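Architecture and fold: a report
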Amino acid sequence: PLLHGEESASAALAASEQMLFSLMHSLTNAVFWKDRDSCYLGCNHVFSSFAGFDSSILLGKSDRDMPWADDPEFNSEWFIDWDRAVLDSGEPKFGILERLRRADGEERWIETNKVPLRGIDGDVIGVLGTFKDVTDRHQAEDELQRTLGDLDERVRLRTNDLLRSNETLRREVEFRIRLQSEEREQRAYAEALRDTAAAMSKTFDI
């Protein structure tokens, strides 16, 4: 009876593992998990296509063995540092935007989530990660930012043009006001001279 129970438990465990395996490989997002040394313990087909490794070959490898290991910005240490942040804090990290170089050399933008894996005693024993390809969204956001940047530059240039036009107009108005003021002064002076001359003429007549 004990042997039969053990066989039943083993069969149930195998069935559960098979179901988990099927579910994981049916996901459209990449799935992977690592130990405390950031060495890969497994992944699904989506991750395998990015890494260029079959899941069975991936075992024991780290990001230093991946196609993205020597990227100038998002290299192996970038990914391992995020693992360490999860392992040390025991807290998940969501929405990490990263650039990943695929095995075929194509660079894709991904959004990654990493959560701590805990053992029976509750201690953190590794990291479970998932990511999705957000290249199209990232490119659209970049294009939007460029468009907004171009618009801001056009507004700035137009504003400068308007400021220059306003300054030119202001100077023109001031010039005209000054001319009019000078004309009024000259007219008043001429009228004063005329009145003075007229008064002097009357005096001479007398």
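Preceding this section is the structure that the text describes.
Residues numbered from 1 in each chain as written. Predicted model: local features only at pLDDT ≥ 70, side-chain atom pairs only at ≥ 80, totals over all residues. Heavy atoms only, no water.

**Considerations on the sheet that holds strand S5 (residues 124–133)**
Applied cut-off: Pairing between two strands is assigned when DSSP locates at least 2 bridges connecting them. Going along the chain from the N terminus, every DSSP run of H or I of four or more residues is numbered as a helix, and every run of E of two or more is numbered as a strand. Axis lines are fitted to C-alpha atoms, over the contacting stretch for helices. Their N-to-C directions set the angle, which ranges from 0 to 180 degrees. Contact between two residues is taken to exist if any of their heavy atoms lie within 4.5 Å; hydrogens are not considered.
What the five strands build is an open sheet, ordered S2-S1-S5-S4-S3; its pairing is antiparallel. Two strands bound the open sheet, and with one partner strand each, they are strand S2 (40–43) and strand S3 (93–101). Here the average twist between neighbouring strands, direction ignored, is 30°. One ladder, built from seven bridges, connects S3 with strand S4 (residues 107–118); its direction is antiparallel. In the sheet register, Arg99 faces S4, and the bridge partner there is Trp109. With respect to the sheet, helix H4 (residues 76–89) is in contact with strand S1 (30–35), S3, S4 and S5, its orientation differing from that of S3 by roughly 160°.

**Quick word on H4**
For clarity, the threshold we go by: One less than the residue count of a helix, multiplied by 1.5 Å, gives the span that helix is expected to have. Accessibility here uses a 1.4 Å probe with only protein chains present; expressed as a share of the type maximum, an area under 20% marks a residue as buried, one over 50% as exposed, and anything in between as partly exposed. Summarising the geometry, the arc corresponds to the directions from the helix axis toward the C-beta atoms.
Across its 14 residues, H4 extends 20 Å between first and last C-alpha, which sits within 8% of the 20 Å expected from 1.5 Å per residue. Among all positions of H4, only Ser76, Phe79, Ile80, Asp83, Val86 and Leu87 are buried. Projected onto a plane normal to the axis of H4, the buried residues spread over an arc of 115° and lie on a single side. As for H4, its buried residues are in contact with S1, S3, S4 and S5.

**Thoughts on the packing of aromatic side chains**
Ring pairs (aromatic) are described by centroid distance and by the angle formed between their planes. Defined as follows: Only Phe, Tyr and Trp rings take part, Trp by its six-membered ring, and two of them pair if their centres are within 6.5 Å. Stacked means planes under 30 degrees apart, edge-to-face means over 60, and tilted covers everything else.
Within this structure, the stated rule accounts for 11 aromatic pairs. Seen from their ring centres, Phe32 and Phe47 are 5.2 Å apart, and the 40° between their planes marks the pair as tilted. In this pair, Phe32 sits in strand S1 while Phe47 sits in helix H2 (residues 45–51), placing the two residues 15 residues apart along the sequence. Side by side, Phe32 and Phe47 carry an identical accessibility label, which is buried. Between Phe74 and Trp109, the aromatic rings sit 5.6 Å apart at their centres with planes inclined by 80°, giving edge-to-face as the arrangement. Of the two residues, Phe74 is situated in the loop between helix H3 (55–58) and H4 and Trp109 in strand S4; the sequence distance between them amounts to 35 residues.

**Points about the pairing of S5**
One ladder, built from six bridges, connects S1 with S5; its direction is antiparallel. Bridge assignment links Ala30 to a residue of S5, and that residue is Phe131. Note: S4 against S5, nine bridges, orientation antiparallel. Residue Ile110 lies in a different strand from S5, and its bridge partner there is Asp133.

**Remarks on empty space enclosed by the protein**
Here is the rule: Only protein atoms enter the calculation, which uses a 1 Å grid: trapped sets of points that fit a 1.4 Å probe without letting it out are cavities, open sets showing protein on both sides within 12 Å along at least five of seven lines are pockets, and any residue with an atom within 4 Å of a point is a lining residue. Grid points are joined across faces, edges and corners, and a volume is the space filled by probe spheres set on the points. Throughout, the ten residues Ala, Val, Leu, Ile, Met, Phe, Trp, Tyr, Cys and Pro are labelled nonpolar, Asp, Glu, Lys and Arg are labelled charged, and all others, Gly among them, are labelled polar.
All chains considered together, the criterion is met by one cavity of 30 Å³ or more. Considering each element in turn, the lining of the largest cavity owes the most residues, three residues, to S4. In the lining of the largest cavity, the residues fall into eight nonpolar, one polar and four charged.

**Here's the deal with the pattern of salt bridges**
Using the following cut-off: For this document, the term salt bridge refers to a Lys or Arg side-chain nitrogen within 4 Å of an Asp or Glu carboxyl oxygen.
Summed over the entire model, instances satisfying the criterion amount to 22 salt bridges. The residue Asp71 makes a salt bridge to Arg99 at a minimum N-O spacing of 2.9 Å. Taken together, the residues span a long stretch of sequence, with Asp71 in the loop between H3 and H4 and Arg99 in strand S3 at a distance of 28 residues. Overall, Arg99 belongs to the buried group, its relative accessible area being 15%. Across the pair Glu107 and Arg99 runs a salt bridge whose closest N-O atoms are separated by 3.7 Å. Judged by its relative accessible area of 41%, Glu107 is partly exposed. Each of the salt bridges in this network shares a partner with another, and the network as a whole consists of Asp70, Asp71, Glu73, Arg99, Arg101 and Glu107.

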